[in-house]
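Remarks on the overall topology
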Amino acid sequence: GNSVTQMEGPVTLSEEAFLTINCTYTATGYPSLFWYVQYPGEGLQLLLKATKADDKGSNKGFEATYRKETTSFHLEKGSVQVSDSAVYFCALRIQGAQKLVFGQGTRLTINP
Amino acid sequence: GAGVSQTPSNKVTEKGKYVELRCDPISGHTALYWYRQSLGQGPEFLIYFQGTGAADDSGLPNDRFFAVRPEGSVSTLKIQRTERGDSAVYLCASSQGLAGGDTQYFGPGTRLTVL
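**Quick word on the nonpolar core**
One recurring pattern in soluble globular proteins is that nonpolar side chains are buried together. Residues Trp-35, Leu-47, Leu-48, Phe-73, Leu-75 and Tyr-88 of chain A are the most contacted members of the largest nonpolar core, which totals 27 residues. Elements supplying a minimum of two residues to this core: β3 (19-21), β4 (23-26), β5 (32-38), β6 (45-50), β8 (62-65), β10 (86-93) and β12 (106-111) of chain A. It is β10 of chain A that provides the largest number of residues to this core, a total of four residues. Those residues in contact with Leu-48 of chain A, other than ones at most four positions away along the chain, are Leu-33, Phe-34, Trp-35, Gly-57, Ser-58, Asn-59, Phe-62, Glu-63, Ala-64, Phe-73 and Leu-75 of chain A. Ranked by size, the runner-up nonpolar core spans 20 residues in total, among them Leu-60, Ala-67, Leu-77 and Leu-112 of chain B.

Below, the structure written as structure tokens:
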């Protein structure tokens, strides 16, 4: 079946540290890939996406590259801020379908 | 403009009772989705509407769960004979409904607690 596996959390870093949150997927065909973020007390928001192999999605200093050969979509940021503290979800959508399939989420805490 | 809104924000009920959860999508969005998020997990798909019709209800866990969208805007998720395992945050999302998929915008969710 179609599934997403994320790096186990929680993750705690100091401000200005480099961030990687791993995400790998299993899917039929060629899915679109997403990172959603849930800030404390807020709803899920789309952070970035990529729709085909080798595409790079980017937003707010975050980046992720669609790697078909390793079935991965790892999230990276060069210098995190306290305001990046949130839960991050990796997700996929199968071609021709509308529903999103989410990973279990990774809680990130950034300390000043 | 206004985002997706959901009411109530919290619902506490007793085992065996009936509940209704409401979702108001972004104006003009033809596609509407329901997901369920258990504690410490990612959202799980329940059902997707395109207009008034349920285009994909493959995620509904059993026949106690039902959803409607009679006028193609507001949707109601209905749960009969609630069980403690139904406790979760129920999320609604909407999108423009473009072919090939488009960005889903999520509401804040309804936290359902079944005692």
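**What about the state of the cysteines?**
A full pass over the atoms with the stated rule returns two disulfides over all chains. The partner cysteine of Cys-23 of chain A in its disulfide is Cys-90 of chain A, sulfur to sulfur 1.9 Å. Disulfide Cys-23 of chain A to Cys-90 of chain A: torsion about the S-S bond roughly -70 degrees, handedness left-handed. Here Cys-90 of chain A lies in strand β10 and Cys-23 of chain A lies in strand β4, a separation of 67 residues in the sequence. Residue Cys-23 of chain B pairs covalently with Cys-92 of chain B via a disulfide, S to S 1.8 Å. Across the disulfide from Cys-23 of chain B to Cys-92 of chain B, rotation about the S-S bond amounts to roughly -70 degrees, and the bridge is consequently left-handed.

What counts, and at which threshold
Residues numbered from 1 in each chain as written. Chains lettered and ligands numbered in written order. Predicted model: local features only at pLDDT ≥ 70, side-chain atom pairs only at ≥ 80, totals over all residues. Heavy atoms only, no water. Core = buried A, V, L, I, M, F, W, Y, C linked by side-chain atoms within 4.5 Å. Buried < 20%, exposed > 50% of the residue type's maximum accessible area, 1.4 Å probe, protein only. Helix = DSSP H or I, 4+ residues; strand = E, 2+ residues; numbered from the N terminus. Contact = heavy atoms within 4.5 Å. Disulfide = S-S within 2.5 Å.

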